[in-house]
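Structure assessment
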Amino acid sequence: MATTRRDILIGLGGALAGAAAAKATDVLDTKHTQAGTALSGAATAPAAKEYTLKGRLFALGATGDLHPIGMENSLKTGFGGAVLSEVDMATGAIKQTWLPMHGAHHALPTKNGEVVCIAHHGPVSLVVDEDHKVKHQFVSDEGYVYGGHGQPLPEKGVFILPVRHAQARSVKDTGRLEIYDLQTFKLLDKLDSGGIHPHEIRMLPGRKEMVVTHYGEVAEFNPGNPLEMNIVEPKLTVYDAATLKPVRHYVQDVNAILTHMDIGPEGHVYAVLNQYIRLKTPEDRARALDVLRAILGHPDIDIAFHEDSIRRKRISIPLPTLKINPLNGEVERIFIGKQQNRSQSVATNTMTGTVFATYLYTNTLAVMPKDGPAFGLDMLKYGIDTIRGVSDIPGTPYIAVGSSYRGLAVIDVRNYELVKHFDLQVFVSPHLSTFDTV
């Protein structure tokens with residue numbers, strides 16, 4: 001029996017013989033876009049105008065055991081903590097502070113000067129003041145952990161933190177959106193998110209609706225399936241911004257987690273995916289490349305394994321960026337090839353309308369201009385190795401990008417030239433955020 005396109009990324013079992021003819025574009029969606037590689041699609045910001053680089057750039061690193069305090073603490077207790085890095089982009093001044101939290105993921109600066117430091121797969125998130133002194137802590141309910149990005153709603157005087165089941169076993173194990181007062185950090189409400197592992201939150205244009213990505217992953221070990229993650233319902237959910245109640249769910253027909261996203265210039269959601277092939281056993285290792293080649297539809301494809309891939313004993317599958325219409329759920333797949341390997345962050349430069357997504361294992365910044373084909377940028381040119389975070393710098397045609405380990409850079413979207421490089425250890429910071437840039 002021939003292997004169908006659904007057999008590979010959708011419901012893949014143990015037998016893969018004869019599947020090499022299946023193509024990634026078929027597996028994922030026939031509406032996929034094969035993007036060009038030329039630098040095209042002109043940015044729209046005025047070329048002659050000079051822009052002042054100012055404001056603060058934040059990175060929240062998850063490997064606090066690389067910090068002197070965290071290293072000592074880890075040797076004594078096994079707990080390494082996290083590190084908050086803050087860069088004054090005008091002067092280059094750097095402030096870094098070790099924090100007692102597990103699984104750091106995203107730093108959310110507030111208009112009052114505090115920074116909400118959000119955990120990933122951890123039970124405690126923190127609020128620090130302008131001097132990085134711990135001011136408040138959030139502790140998740142039993143059986144739940146923090147996992148994602150916060151969203152301020154300043155017009156309501158609140159912000160949202162996503163919380164997920166520590167061990168989701170079915171579609172019934174939905175996450176929550178916790179609502180907090182921006183001034184007092186008091187918990188005001190807990191709302192069902194309507195999906196498994198709510199992760200990144202964004203307001204749609206007009207601020208009448210809000211969207212959230214849901215991983216859709218359940219905890220289940222299936223030795224017959226070579227894929228690492230067991231996916232049930234990865235989806236984008238649209239909420240009424242006034243009530244925070246779900247109004248539309250768009251389940252993605254692909255066996256991969258729907259993780260990070262941002263809103264493009266026309267109100268579309270640009271979201272990325274992740275899925276892995278296990279390398280836990282000799283049998284896994286023996287068939288890993290055959291599985292990958294079958295999924296991608298290239299029997300002779302060769303992918304360099306990143307050190308993180310070897311350490312985690314899993315191969316990342318190159319996957320496209322999804323462009324989702326939040327009004328009707330229509331999806332376009334933007335796939336530039338094997339450069340899109342192990343996604344992390346998504347950000348839109350609001351001045352030019354260009355969308356960016358980072359891919360760790362190939363050190364690639366995927367560039368999706370408002371007009372013109374997508375292409376990839378090798379980040380070594382900018383002094384960045386193993387790119388991870390990317391953030392808009394509002395009010396400018398600039399973006400900030402970050403290495404997993406050392407270095408942050410500011411890039412001009414109009415010509416893709418380096419504006420500024422900051423040399424600092426970032427302790428494996430998954431994301432970047434900016435504040436006071438205008």
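Residues numbered from 1 in each chain as written. Predicted model: local features only at pLDDT ≥ 70, side-chain atom pairs only at ≥ 80, totals over all residues. Heavy atoms only, no water.

**Considerations on the sheet that holds strand β34 (residues 432-435)**
Applicable threshold: At least two DSSP bridges between two strands are needed for those strands to be called paired. Each helix corresponds to a stretch of at least 4 residues labelled H or I by DSSP, and each strand to a stretch of at least 2 residues labelled E; elements are numbered beginning at the N terminus. Every axis in this analysis is a line fitted to C-alpha atoms, fitted for helices over the stretch in contact. Angles between the N-to-C directions lie between 0 and 180 degrees.
Ordered by their spatial adjacency, four strands build an open sheet running β4-β3-β2-β34, and the pairing between neighbours is antiparallel. Among the strands making up the open sheet, the edge pair consists of β4 (94-99) and β34. When strand polarity is set aside, the average angle formed by the axes of neighbouring strands in this sheet is 20°. Here strand β2 (residues 56-61) pairs with β34 via four bridges, running antiparallel. Bridging across to β34, alanine 59 finds its partner in leucine 432.

**Some points on the pairing of β4**
Sheet analysis places strand β3 (residues 82-88) next to β4, joined by six bridges and oriented antiparallel. By the bridge assignment for β4, serine 85 is matched with glutamine 96.

**A short note on the sheet that holds strand β31 (residues 398-403)**
Strands pair in a sheet through their backbones, by hydrogen bonds, and they do so in one of two ways: parallel or antiparallel. A sheet is described by the order of its strands in space; here four strands give the open sequence β30-β31-β32-β33, paired in antiparallel fashion. For this open sheet the edge positions go to β30 (387-393) and β33 (417-425), each flanked by a neighbour on one side alone. Ignoring strand direction, the axes of neighbouring strands in this sheet form an average angle of 20°. By the bridge criterion, six bridges tie strand β32 (residues 406-412) to β33 in an arrangement that is antiparallel. Residue pairing across strands places valine 410 opposite lysine 420, the latter belonging to β33.

**A few points about the side chain of aspartate 262**
We count it as follows: Definition of a polar contact: a pair of N or O atoms within 3.5 Å, with one able to donate and the other able to accept a hydrogen when the atoms are protein atoms, and with sequence-neighbouring residues admitted only if both atoms are side-chain atoms. Only heavy atoms matter for contacts: two residues are in contact if any of them lie within 4.5 Å across the pair.
With respect to the helices, strands and loops of the structure, aspartate 262 is situated in strand β20 (residues 257-263). Polar contacts involving the side chain of aspartate 262 include one to the side chain of arginine 202, which spans 2.8 Å. Those residues within four positions of aspartate 262 in sequence are excluded, and the remaining contacts are Arg202, His268, Val269, Tyr270, Val346, Ala347 and Thr348.

**Digging into the pattern of salt bridges**
Oppositely charged side chains can form a pair if their charged atoms are brought close together. We count it as follows: Salt bridge, as used here: a side-chain nitrogen of Lys or Arg that lies within 4 Å of a carboxyl oxygen of Asp or Glu. Buried means the residue's accessible area, taken with a 1.4 Å probe over protein chains only, is under 20% of the maximum for its type, while exposed means over 50%, and partly exposed covers the values in between.
Inspection of the entire model under this criterion finds 19 salt bridges. The partner of arginine 56 in a salt bridge is glutamate 86, with the nearest N and O atoms 3.6 Å apart. Residue arginine 56 is located in strand β2, and its partner glutamate 86 is located in strand β3; the two are separated by 30 residues in the primary sequence. Assessed through its relative accessible area of 16%, arginine 56 is described here as buried. For glutamate 86, a relative accessible area of 10% gives the class buried. Between lysine 135 and glutamate 114 there is a salt bridge whose closest N-O contact spans 2.8 Å. One end of the pair, lysine 135, is in strand β8 (residues 134-139); the other, glutamate 114, is in the loop between β5 (104-109) and β6 (115-122), and 21 residues separate them in sequence. Overall, the relative accessible area of 48% leaves lysine 135 in the partly exposed class. For glutamate 114, a relative accessible area of 7% translates into the label buried. Salt bridges here are not isolated pairs; linked through shared partners, they connect Arg56, Glu86 and Asp436.

**Comments concerning the packing of aromatic side chains**
To describe a pair of aromatic rings, you give the distance between the ring centres and the angle between the ring planes. Inclusion rule: Each aromatic pair joins two rings of Phe, Tyr and Trp (for Trp, the six-membered one) with centres within 6.5 Å, and gets the label stacked for planes under 30 degrees apart, edge-to-face for over 60, and tilted for any other angle. Charges are assigned to positions over rings by a cutoff of 6 Å between ring centre and Lys NZ or Arg CZ, combined with an angular limit of 35 degrees from the ring normal.
Per the stated rule, a full pass over the model turns up seven aromatic pairs. Geometrically, the ring pair formed by phenylalanine 159 and tyrosine 180 is stacked, given 5.5 Å between the ring centres and 20° between the ring planes. In this pair, phenylalanine 159 sits in strand β11 (residues 158-165) while tyrosine 180 sits in strand β12 (residues 176-181), placing the two residues 21 residues apart along the sequence. Geometrically, the ring pair formed by phenylalanine 375 and tyrosine 416 is edge-to-face, given 5.7 Å between the ring centres and 85° between the ring planes. One end of the pair, phenylalanine 375, is in strand β29 (residues 375-378); the other, tyrosine 416, is in the loop between β32 and β33, with 41 residues separating them in the sequence. Neither phenylalanine 375 nor tyrosine 416 differs from the other in exposure class; each is buried. One aromatic cluster is present, formed by Phe138, Phe159, Tyr180 and Phe185 through successive ring pairs. Geometry around tyrosine 144 places arginine 176 over its ring, the cationic atom sitting 4.0 Å from the centre.

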